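If you want the building blocks of each chain, they are given just below.
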Amino acid sequence: MCGIIGYKGKKHPKDILINGLKNLEYRGYDSAGVALKNDDTIQIIKSVGKISHLEEKLNNEKLIDCNLGIAHTRWATHGEPNESNAHPHRVGKITLVHNGIIENAGVLREQLQKEGVKFNSNTDTEVAAAIINKYYTGDMEKALNKAIKEIKGSYALAILCEDDDKLYAIRCESPLILGVGKDEYFVTSDIGAILKYTRDYVLLGENEIVVIDNKGYKITKDNKVVKREVLTSKLTNEATDLCGYDHYMMKEIMEEPVLVDNLANKYIHNLKKLPDIKKYQHIHIIGCGSAYYAGMVGKNLFEDAGVEVEIDVASEYRYRNIIYKPNTLVILISQSGETADTIAAMRKANEHADTLAIVNVDASTIARECTYKVLIEAGREVAVATTKAYLLQVLILSLLAYRLDPDGTYVEDLKKLPQQLKVLLDKTGFYKKLADAIYKHEDVFFIGRKVDYAISMEGSLKLKEVSYIHSDAYQAGELKHGTISLIKDGTIVFAIATDDDIRDKTISNLEEVISRGAYPIYVGNEDVAYDHKIIVPRINKKLQPILVVPALQMIAYFVALKRGCDIDKPKNLAKSVTVE
Ligand code: F6R
């Protein structure tokens, strides 16, 4: 994970780097740092914790006069989050920031130590700086080309060399783009970090080196100049404004009705714009976290449409012995399109089958490398916990299922869905009250069957990740095979029961836990005699999850708010998990 940004232009880099880091904070936020450079000095300032701490520190220091700098926000992989492990790292003439993991850092470190290098941190990043420094004898490009051959793993580096006033960057498997402004250039992990200054960017390829000097930039690979198109991002800087909300999570939940409407309108009378998945007899669905849970909804919908589906989390799929049958389509679901395990699973699948990316970020690795792609068009999602992107992933899967099995009420219900969603989300007072009943608890369970189990998984993840309440989801019928022993007086159990075919079974399971003391919260279409219930309108089965999960997202939000949690940046998490 981690986020990096580098600047070379005519302005002082401080505000640009801090603003960039704030936009990259979703990638990790346990420590941060900047390096500023002019002809005489490289000034490095680091701090533990959020970017605001670093900003405060920079405001209190006398900064050198300069127009070149690099910065970093960290999600620790090697070494605990403290100042010495925070980036930038400096070894000899080289100062750099790094996103990714250097897999052979241990071996390289030992080798370099034998050669007399002394390390000041536990990081793999300092090893990368030492390797480049070792090969630097006056020609940085030569040194970088040699280092690329030695460093194994995934990395994007923004680099300064004491001897010149250039900004260097290299990338291998970790995302990195070059931002092109007027008389100024940027390198960054995510376009969102520089949207305030430019929307023009160049996608850097694997093992490419970019060198930025006063005249412009040059991209090379294996010493040969590479020409790359300058693209323009459709994103605007407003996407990162809170627009009056207290948290991005709430802002992003509230965007759902409009986004669902837009995406539905794009495809509903133009289903041919979606890949023709009818020609495949077997489907594998892969993702991590919420993307995987969106996939679980898809599995249920595709199976109901008569297609054989296998589903797995990407971190397992990449190492399992997968038997690929002819006519298999592998669907990769990812908001960021940069999740390391999902990328690895995609690359494995690409060797055996056609692949379909359901992604948000168009310029991402997964969007670029799959056979087909469908963009969910969620706009920028800033809150670490996904809400709108999850929902739009489910919408695309639902549209694909409809393509497989067109049924009567789908189009009508899809048209009504945005308005119904809006009504559901407008009941903030209701969710606050429910949150009051939940927030003091330390254990919560969600139960459901089939698609309701998929919904339970997402509801449970949302609650635990933002509120830190322990929460688990179980297939309703499975609870009595062990887990039921955890039910005690007052344990909250959400029962998701929207699927009419098995609704009564889930209700029976809920009764089993109620008779052991559980406190029920029912979620379904039928009114029931429980005190706490969320009743959602009954709509076409292929769309029903889209009208349930937002209510669970609202509950998670208000419970976290009551508990005083850092809602947009839950502890230990990062939005884009670019390490294995
Ligand atoms: C949970 C959450 C994560 C992501 C997961 C995959 O709220 O956001 O579970 O869904 O890390 O990320 P992407 O979709 O970017 O591959």
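Just above sits the structure.
Below, the structure is looked at part by part.

About the criteria used
Residues numbered from 1 in each chain as written. Predicted model: local features only at pLDDT ≥ 70, side-chain atom pairs only at ≥ 80, totals over all residues. Heavy atoms only, no water. Helix = DSSP H or I, 4+ residues; strand = E, 2+ residues; numbered from the N terminus. Rg over C-alpha atoms; globule rule 2.2 N^0.38 Å. Areas by Shrake-Rupley, 256 points an atom, 1.4 Å probe, with all protein chains shown as cover. Lys, Arg positive; Asp, Glu negative; His and termini not counted. Charge placed at Lys NZ, Arg CZ, Asp CG, Glu CD. Contact = heavy atoms within 4.5 Å. Polar contact = N/O pair within 3.5 Å; in protein donor to acceptor, adjacent residues only side chain to side chain. Core = buried A, V, L, I, M, F, W, Y, C linked by side-chain atoms within 4.5 Å. Buried < 20%, exposed > 50% of the residue type's maximum accessible area, 1.4 Å probe, protein only. Pairing = 2+ DSSP bridges. Axes fitted to C-alpha atoms, helices over the stretch in contact; angles between N-to-C directions. Salt bridge = Lys/Arg side-chain N within 4 Å of Asp/Glu carboxyl O. Right-handed = clockwise from strand over helix to strand, strands pointing away. Near = heavy atom within 4 Å.

**Structural notes on the overall build of the chain**
So, point 1. Helix and strand content of the chain: 17 helices and 25 strands.
So, point 2. In summary, the chain has a C-alpha radius of gyration of 25 Å against a globular reference of 25 Å for 580 residues, a match within 12%.
So, point 3. Dimensions of the chain, computed from the C-alpha atoms along their principal axes, are close to 75 × 50 × 45 Å.
So, point 4. Element-wise, carbon and sulfur atoms account for 47% of the exposed surface of the chain, whose accessible area totals about 22600 Å².
So, point 5. The distance from the centre of the 76 positive side-chain charges to the centre of the 81 negative ones in the chain is 2 Å.

**A look at the environment of E308**
So, point 1. The residue E308 is located in strand β17 (residues 308–313) in this model.
So, point 2. Note: C-alpha distance between E308 and Y280 (28 residues apart in sequence) is 9.5 Å.
So, point 3. Apart from the residues within four sequence positions on either side, E308 is in contact with Q281, H282, I283 and K325.
So, point 4. Here the side chain of E308 touches H282 through a polar contact of 2.9 Å, side chain to side chain.
So, point 5. Looking at E308, its side chain comes within polar contact range of the side chain of K325, at 3.0 Å.

**What about the nonpolar core?**
So, point 1. Among the nonpolar cores identified, the biggest contains 98 residues, and F302, L395, L399 and F494 are the most heavily contacted of them.
So, point 2. No other element matches the 13 residues that helix α12 (residues 388–404) contributes to this core.
So, point 3. Ignoring any residue separated from it by four or fewer positions in sequence, one finds L395 in contact with V260, L263, A264, L414, L543 and I546.
So, point 4. One finds V91, A143, L144 and I209 within the second-largest nonpolar core, a separate group that totals 31 residues.

**Describing the sheet that holds strand β9 (residues 177–180)**
So, point 1. One open sheet holds the eight strands; their spatial order is β3-β2-β4-β1-β10-β9-β11-β15, and the pairing between them is antiparallel. Edge positions in the sheet fall to β3 (42–48) and β15 (231–232), since each of these pairs with one other strand and no more.
So, point 2. Relative to β15, strand β11 (residues 200–203) runs antiparallel, the two being bridged by two bridges. Paired with Y201 across the bridge in β15 is L231.
So, point 3. Of the strands in this sheet, β1 (3–8), β2 (31–37), β4 (68–74) and β10 (185–188) are in contact with helix α1 (residues 14–24), which crosses β1 at around 160 degrees.
So, point 4. Across the face of the sheet, helix α2 (residues 51–59) comes into contact with β2, β3 and β4 while running at roughly 135 degrees to β3.

**Some thoughts on the pattern of salt bridges**
It is possible for side chains bearing opposite charge to pair when their charged atoms get close.
So, point 1. Taken as a whole and assessed by the stated rule, the structure comprises 45 salt bridges.
So, point 2. Notably, a salt bridge pairs E184 with K11, separated by 3.1 Å at the nearest N-O pair. Here E184, found in the loop between β9 and β10, pairs with K11, found in the loop between β1 and α1; they are 173 residues apart in sequence, far enough to count as distant.
So, point 3. The network of salt bridges with common partners includes D304, K450, D499, D501 and K541.

**So, the sheet that holds strand β22 (residues 470–475)**
So, point 1. In space, the five strands of this open sheet follow the order β22-β21-β23-β24-β25, with parallel pairing throughout. In this open sheet, the two edge strands, each paired with only one partner strand, are β22 and β25 (532–535). Between one strand axis and the next, the sheet turns by 15 degrees as a mean value, whatever way the strands run.
So, point 2. Across four bridges, strand β24 (residues 519–524) lies against β25 in parallel orientation.

**A closer look at the environment of Q544**
So, point 1. Structurally, Q544 can be placed in the loop between β25 and α17 (549–562).
So, point 2. Remark: the alpha-carbon pair of Q544 and L417, spanning 127 residues in sequence, is separated by 9.3 Å.
So, point 3. Setting aside its immediate chain neighbours within four residues, Q544 contacts T498, N525, V536, P537, R538 and I539.

**Comments concerning the pairing of strand β23 (residues 492–497)**
So, point 1. Burial of β23 is extensive: six of the six residues sit out of reach of the surface.
So, point 2. In this structure, β23 lies alongside β24, joined through six bridges in parallel fashion. Along β24, the bridge assignment pairs I492 with Y519.
So, point 3. Considered for its hand, the β-α-β crossover made up of β23, helix α16 (residues 503–514) and β24 is right-handed.

**Overview of the site of the ligand**
So, point 1. Lining the immediate surroundings of the ligand are 14 residues, of which S334, Q335, S336, T339 and E465 lie closest.
So, point 2. Within the backbone of Q335, one N or O atom sits 2.6 Å away from an oxygen atom of the ligand.
So, point 3. T386 places a main-chain nitrogen or oxygen 3.0 Å from an oxygen atom of the ligand.
So, point 4. Taken by itself the ligand offers 410 Å² of open surface, and the protein chains cover 90% of this.
So, point 5. If you list the elements that add at least two residues to the shell around the ligand, you get α8 (289–304) and α15 (451–467).

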